[in-house]
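Topology and contacts: notes
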There are 4 protein chains.
Amino acid sequence: MIKVGIVGANGYTGFELMRLLAAHPEAEVTFASSRSLAGQKIAETYPTLSGYYGDMSYADVDLERAAECDVVFACLPHGQSAEICGKLIDAGAKVIDLSADYRYDDINLYEKTYKIDHPRKDLTKEAVYGLPEYNRREIAKARLIGNPGCYVTASVLALKPLADAGVINKKTVIIDAKSGTSGAGRKSDVAYNFNETDGNFKAYGVTTHRHTTEIEEKSGATVTFTPHLLTVKRGILATIYCDLKGSPDDAEKAYARYEKEPFVHYLGSTLPDIKAAAGSNCCYIGAKYEEKTGRLIVVSCIDNLIKGASGQAVQNMNIMFGLPETTGLPRVGFHL
Amino acid sequence: MIKVGIVGANGYTGFELMRLLAAHPEAEVTFASSRSLAGQKIAETYPTLSGYYGDMSYADVDLERAAECDVVFACLPHGQSAEICGKLIDAGAKVIDLSADYRYDDINLYEKTYKIDHPRKDLTKEAVYGLPEYNRREIAKARLIGNPGCYVTASVLALKPLADAGVINKKTVIIDAKSGTSGAGRKSDVAYNFNETDGNFKAYGVTTHRHTTEIEEKSGATVTFTPHLLTVKRGILATIYCDLKGSPDDAEKAYARYEKEPFVHYLGSTLPDIKAAAGSNCCYIGAKYEEKTGRLIVVSCIDNLIKGASGQAVQNMNIMFGLPETTGLPRVGFHL
Amino acid sequence: MIKVGIVGANGYTGFELMRLLAAHPEAEVTFASSRSLAGQKIAETYPTLSGYYGDMSYADVDLERAAECDVVFACLPHGQSAEICGKLIDAGAKVIDLSADYRYDDINLYEKTYKIDHPRKDLTKEAVYGLPEYNRREIAKARLIGNPGCYVTASVLALKPLADAGVINKKTVIIDAKSGTSGAGRKSDVAYNFNETDGNFKAYGVTTHRHTTEIEEKSGATVTFTPHLLTVKRGILATIYCDLKGSPDDAEKAYARYEKEPFVHYLGSTLPDIKAAAGSNCCYIGAKYEEKTGRLIVVSCIDNLIKGASGQAVQNMNIMFGLPETTGLPRVGFHL
Amino acid sequence: MIKVGIVGANGYTGFELMRLLAAHPEAEVTFASSRSLAGQKIAETYPTLSGYYGDMSYADVDLERAAECDVVFACLPHGQSAEICGKLIDAGAKVIDLSADYRYDDINLYEKTYKIDHPRKDLTKEAVYGLPEYNRREIAKARLIGNPGCYVTASVLALKPLADAGVINKKTVIIDAKSGTSGAGRKSDVAYNFNETDGNFKAYGVTTHRHTTEIEEKSGATVTFTPHLLTVKRGILATIYCDLKGSPDDAEKAYARYEKEPFVHYLGSTLPDIKAAAGSNCCYIGAKYEEKTGRLIVVSCIDNLIKGASGQAVQNMNIMFGLPETTGLPRVGFHL
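The following paragraphs examine the structure supplied in this document. What you see is a predicted model; the values in this text were computed from it and never measured.

1. What to know about the pairing of strand β7 (residues 173–179) of chain A
All names here are of chain A. Taken across its 7 residues, β7 has 7 buried, putting it largely inside the fold. Alternating residues of β7 divide into V173, I175, A177 and S179 and I174, D176 and K178, and every residue in both groups is buried. Strand direction decides the pairing type here: β7 and strand β9 (residues 223–229), joined by 7 bridges, are parallel. The partner of I175 across the bridge, within β9, is F225. Direction of pairing for β7 relative to strand β10 (residues 236–243): antiparallel, over a ladder of 6 bridges. By the bridge assignment, D176 is partnered in β10 with T239.

Here is the structure:
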């Protein structure tokens, strides 16, 4: 059994890890810390967890105890995470960081994007970007994983095959993305109150959203990225507009690289919806060609909390510990 | 034109008053105060209000300016409201208080229920309970209105005809009530975050909700009152269980008193749903008799923000100023 | 009082007309036909309408009776509507057609788009496109109005000022649009069942949606148009990507044409959300410039059933009958 | 591996079985029939199932092929199911029937409730009611299971301990129940269209719902049962009003019988919400005592598709095949 620690267990990604790992046959959460819930019994705070975490309580942040685990998942705000992950690595743990702090190759781009001085530049080179479909080999040997952003996962899995194959104009890509509200985290902000959100829909972070630079670094394309807030809890759908240089067939071929992937499904001209992905660790991709304009319109769907965060983190853990990559991960969505 | 002031204009009932009064042909909001929004332009804060409140800004709380209005609506928390309404009355304004502070006949019951010493006992006797279907004549002459609670409006309009007619056992009534989330107000509380609320449903305040005593005082019945939180924004549906002493026909007759009411519709054995009421100032009531148990099951629906708060407040204003009672009030729901 | 007839009163646009006209001080619905509801009492079918339509029943389709009205709103499927509207015109009524049948200038484009032979080509020239912000003068004199499509209203109001002013590349426009489910009409289709829709989000009609040609004809731009289905009942938000030729200031100036419009509000770089528009007859428009790509990202919001259908139809009626354009129309949204 | 057949695989309970069994380590769906989808590839119909059902197609109804499975789940309408299950039993299969046809001990009560002549009275005696917490031993030996109704599961698990212990008045019980829309099945009925359901809430089947007699037979109490339709997809919350004869402590003791149950959790005076249960096979129960009236208010929550249908069916299968009862079943909810 892999002993797992979770730091920041009360946020949505932390909770989702506890939920997913409850069903994982080879891993066990032995430490879960939350500043706000420290000392409270897990089963009383969240009755739904009582079947698995019956006697356990949330711990206060205690990096020594955390570092005794085989692997620690850090579910902390950007900036704070870099330092804590660094200390855990120093103490000998393997670390999967769900924040943005160890995702970037270009540390200047990170610092410009997040407006933070990175406190552990000694580790950023070593950290591996946790997108298994592209970095499996490196992940298997890594001590420190920068787990990809949710919008980035949906966008890069759809865009990179086309960019790598040279079949699109990499300078004119537009990503019109829509996310469920859990992407904003567990916030006590009136803007996310049910009354303000239900029945509404809006764009936000237009021209300024921080995932833009991560998408650009990982896909190699220049993108206009426009996120919107859906009135659903889980799921991202990205509609991606590409000016095709090659033929629609060339695009089709580019997606053949996913044929054996357990968690990425290319559906041809069938466009996926959020319901296909929500609840599972899968990414679904479809594409349609518009003859009138020569554009390829690609639609990509994931569950932002699973493939876009905690599920992908468990997938990375499976790889790091030599387990079959699908171990304990949901491959079918909730459907309802 | 009636000059209207609103104190506490940023909460949901305050906003709803601004929305409803924008369409009122005989009244005009000339003063709207909000501590948190003081100085901000209304049209910039809420673009949807720009057509009517183009140049106006939210004022800071200024009771002298408020008292220059013909009538002031107080949309303030229980306890705070009593004193401010008192000062407005002292300054010569007419006041409609949407809080609980001037609703009770029995001031001890109020103090016990809200755990507050009432600071203006000199006014509680004079204040009129603003349920027009029962107190029209008193409302017409009143200076100070205690506007009914939302659950209370739905419950009492359904229950009082039966209790008054003596056709039910007044000691065994159960009210199982379900409310939209706007009933909780404009809260930055994680419990009301979209993620926590959507797809959920729960009971709350079981055996302890403060509207219980108001229902009991106004209906004359002893009730078990169990509120629940729906995942809809607007609307209350109360399912009321009564042990019938008379015949179903007697109950039918008791509801005949609403025949000429513009805002209360008795539907016989057709049970209303929230959609019939949401968006309008109407209360819809239906009832079914269960022969096996001798129980009458009454269903009552209102929009908690309109007939349950701001719409009823405008209805009271219409009466106080000698206007037709329906002036400016919506009698058709949103439907969608 | 204008005597109003509604043909097809049971669909969502027909119902919305009945709801809006209930509050209209100068018009009265005297005839409402519905094949499926013929003979049923309106107040029993929809209790929420009981305050206004107390004794009235749905009529069967009876064009003679309809033609006795001063104006008839046709809420019928594409294709069917052309012929019925023609007969009503022949019988001397004024007609506002909410279908696509009388919207196009280029009747070949209509026939190609809808795959229908137009049965009344004698009337298509005379029919006026009912977008008041551009065709007020013609609407005032018209007998027959082709009321604009919902997506088209949101798109053209945002796009046409830029296209007319020559500040954008008219060949590279992308419209990524999202609509509430009422846009699909009152359907007994399992795909629109609450279970299938709630929590979901999807693109549909990609590269093939019929509103594309109407947008192109009315805006003068070539567009990639991608509609999506939101899990909200009302509202459209269109995110429009334009390659700017002029400066951001030129775009700003182009929107000055709406300064005195009662129902179109340009918000500068504040981007509107659906909540601002839902429930009102207003269109809200905002725009942001992305320096990196030279793109202008325009966001436009309307209520699809009001400004996108029945409200705009009433606006057209007001103009046709010489009333102030805002008579009886909601200028404030529901907010909640 | 247990070979599983599903008859009626396209309804919500059939789909839910396919979803749950995909993650079951000891069972495999080898036959799934659906009249409407016969011949279609499962992975194309439901992309979310592609990971597990890659090459499989929906079969037409073929009882011979179905009977080759070790166990067949029948997800068919009441009435139809009785005969088909009978034939499968005749052919030697074990059968778990999710309809009402084999649930009742008193076949007259069934026939009166469902207004159907039971075609296989020879089997009704033998059939075992599939509520594992009460009938484990009989289930282990059964060939034919009548899987409990959703409302019944939530109600009886909460009510039966109190009724059995004699601590409540069994003649005055009221169950005010609220269900998610998936309880109505996969319907192309305009009443379940998103527009009609979202934002709404209503009572239905008041005094006449068919689950009433099943609740009464299985709990031993006489009940007023009032179901309501929530705007959530999954989940039932039942609020149960009991007149207490014993003390609150006696009630507490009655629930001790669930202490070792993996799927029933008694929470004391903490009242569960739907979110605790939705997505899991667990039932959560809490209770509060109201001194003023001597009433015990019990709240019980389940997921109607899992513990209320397909999950409980799998639990029964586990017992019938000697597996640990929790095998392959979710014990943690979706939470979001």
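2. Here we look at the interface of chain D and chain A
By a widespread convention, an interface's size corresponds to the accessible area lost as its parts come together. Taken residue by residue, the interface counts 25 residues in chain D and 25 residues in chain A. When the two sides are added together, the surface that chain D and chain A hide from each other amounts to roughly 2,500 Å², 66% of it contributed by carbon and sulfur. Our count for the chain D to chain A interface comes out at 0 salt bridges. Connecting chain D to chain A are 12 residue pairs in polar contact (both at pLDDT 80 or more). Of all the elements, helix α1 (residues 12–22) of chain D adds the most residues to the side of chain D that touches chain A, at 4 residues.

3. A closer look at the interface of chain C and chain A
Counting residues at the interface gives 41 residues for chain C and 41 residues for chain A. Buried surface at the junction of chain C and chain A, both sides included, amounts to about 3,400 Å², of which 56% is carbon and sulfur. Where chain C meets chain A, there are 6 salt bridges. Across the contact surface, chain C and chain A share 32 residue pairs in polar contact (both at pLDDT 80 or more). Considered class by class, the residues forming the side of chain C that touches chain A number 17 nonpolar, 13 polar and 11 charged.

4. A closer look at the relation of the copies chain C and chain A
With an RMSD of 0.0 Å, the operation that places chain C on chain A is a rotation of 180° combined with a shift of 0.0 Å along the axis. Here the copies are linked by what is in effect a two-fold axis. Considering only C-alpha atoms, the residue of chain C closest to the rotation axis is T231 of chain C, which sits at 3.3 Å. Comparing contact sets, 100% of the residues at the interface of chain C also lie at the interface in chain A, consistent with an isologous, same-surface contact.

5. Remarks on the sheet that holds strand β6 (residues 144–146) of chain D
All names here are of chain D. Strands sit in the order β2-β1-β3-β4-β6-β5 across an open sheet of 6 strands; the sheet is parallel. What marks the edges here is a single partner per strand, and that holds for β2 (27–33) and β5 (128–129). Direction of pairing for strand β4 (residues 94–97) relative to β6: parallel, over a ladder of 3 bridges. Looking at the pairing, I96 lines up with I145 of β6. The strands touched by helix α4 (residues 80–90) are β3 (71–74), β4 and β6; relative to β4, the strand with the most contacts, the crossing angle is about 165°.

6. Looking at the packing of aromatic side chains
Tallied over the full model, the rule gives 36 aromatic pairs over all chains. Measuring from ring centre to ring centre gives 5.8 Å for Y104 of chain B and Y110 of chain B, while their planes differ by 65°; the resulting arrangement is edge-to-face. Across this residue pair, the class does not change: Y104 of chain B and Y110 of chain B are buried. Ring plane angle 10° and centroid distance 5.5 Å describe the contact between F194 of chain C and F194 of chain D, whose orientation is recorded as stacked. Highlighted residues: F194 of chain C in helix α9 (residues 194–197) and F194 of chain D in helix α9 (residues 194–197), drawn from two different chains. Each member of the pair F194 of chain C and F194 of chain D is classed as buried. One residue, K218 of chain D, lies across the ring of Y129 of chain D, its end atom 4.1 Å from the ring centre. The residue whose ring lies beneath R331 of chain D is Y52 of chain A, and the NZ or CZ to ring-centre distance is 4.8 Å.

7. Re the packing of helix α7 (residues 132–141) of chain C against helix α13 (residues 306–320) of chain C
All names here are of chain C. Between α7 and α13, whose axes approach to 9 Å, the crossing angle comes to 40°. Taken together, α7 and α13 sit at an angle that is classed as oblique. Crossing hand, α7 versus α13: right-handed. On the side of α7, the interface is formed by P132, E133, R136, I139 and A140, while α13 contributes K307, Q312, Q315, N316, I319 and M320. Of the residues assigned to the contact of α7 with α13, the class counts are 5 nonpolar, 3 polar and 3 charged.

8. Notes on helix α5 (residues 107–114) of chain B
Residues that lie three or four places apart on an α-helix share one face, since the helix turns once every 3.6 residues. All names here are of chain B. Residues I107, Y110, E111, T113 and Y114 constitute the buried set of α5. Angularly, the buried residues of α5 cover 165° about the axis, an arc narrow enough to put them on a single face. Opposite the buried face of α5, by more than 90 degrees, sit the exposed residues N108 and K112. Residues of α5 that are buried sit in contact with α6 (121–124) and α10 (211–219). Phi for K115, located one or two positions after α5, is positive at around 55°.

9. Details of the side chain of S280 of chain D
Structurally, the position occupied by S280 of chain D is in the loop between α12 (274–277) and β12 (283–290). The residues touching S280 of chain D, leaving out its near neighbours within four places in the chain, are D303, I306, K307, P330, R331, V332 and G333 of chain D.

10. Some points on the pairing of strand β13 (residues 295–302) of chain D
Residue and element names in this part refer to chain D. For β13, the tally of buried residues reaches 8 of 8 residues, placing the bulk of the element in the interior. On β13, burial covers both faces: R295, I297, V299 and C301 on one face and L296, V298, S300 and I302 on the other are all buried. Relative to β13, strand β10 (residues 236–243) runs antiparallel, the two sharing 8 bridges. The residue bridging D243 from the neighbouring strand is R295, located in β13. Looking at chain direction, β12 and β13 are connected through 7 bridges and run antiparallel. Bridging from a neighbouring strand, Y284 pairs with C301 of β13.

11. Focus: the environment of T207 of chain B
Within the secondary structure, T207 of chain B sits in the loop between β8 (202–203) and α10. T207 of chain B sits in the partly exposed class, given a relative accessible area of 27%. The spatial distance from the C-alpha of T207 of chain B to the C-alpha of G11 of chain B is 27 Å, given a sequence separation of 196 residues. Every residue in contact with T207 of chain B, bar those within four places of it in the chain, is listed here: F225 of chain B together with K288, Y289, E290 and I297 of chain D.

12. Let's talk about helix α1 (residues 12–22) of chain C
Burial analysis of α1 of chain C places 10 of its 11 residues in the buried class, which makes it a mostly covered element. Listed in full, the buried residues belonging to α1 of chain C are Y12, G14, F15, E16, L17, M18, R19, L20, L21 and A22 of chain C. Packed against the buried residues of α1 of chain C are β1 (2–7), β2 (27–33), α2 (42–45), β3 (71–74) and α13 of chain C together with α9 of chain D.

13. Details of the sheet that holds strand β7 (residues 173–179) of chain B
All names here are of chain B. Taken together, the 7 strands give an open sheet; going across it, the order is β8-β9-β7-β10-β13-β12-β11, and neighbouring strands pair in mixed fashion. The outermost strands of the open sheet, each flanked by one partner alone, are β8 and β11 (264–266). Examined bridge by bridge, β8 and strand β9 (residues 223–229) share 2 bridges and lie antiparallel to one another. Residue K202 lies in a different strand from β9, and its bridge partner there is L229.

Calculation notes
Residues numbered from 1 in each chain as written. Chains lettered and ligands numbered in written order. Predicted model: local features only at pLDDT ≥ 70, side-chain atom pairs only at ≥ 80, totals over all residues. Heavy atoms only, no water. Buried < 20%, exposed > 50% of the residue type's maximum accessible area, 1.4 Å probe, protein only. Helix = DSSP H or I, 4+ residues; strand = E, 2+ residues; numbered from the N terminus. Pairing = 2+ DSSP bridges. Contact = heavy atoms within 4.5 Å. Buried area = accessible area lost by both parts, 1.4 Å probe. Salt bridge = Lys/Arg side-chain N within 4 Å of Asp/Glu carboxyl O. Polar contact = N/O pair within 3.5 Å; in protein donor to acceptor, adjacent residues only side chain to side chain. Nonpolar A, V, L, I, M, F, W, Y, C, P; charged D, E, K, R; others polar. Least-squares fit on C-alpha atoms with pLDDT ≥ 70 in both. Axes fitted to C-alpha atoms, helices over the stretch in contact; angles between N-to-C directions. Phe/Tyr/Trp six-rings, centres within 6.5 Å; stacked < 30°, edge-to-face > 60°. Lys NZ or Arg CZ within 6 Å of the ring centre and 35° of its normal. Parallel < 35°, antiparallel > 145°, perpendicular 65-115°, else oblique. Left-handed = near helix turned anticlockwise from the far one by under 90°. Arc of directions from axis to C-beta.

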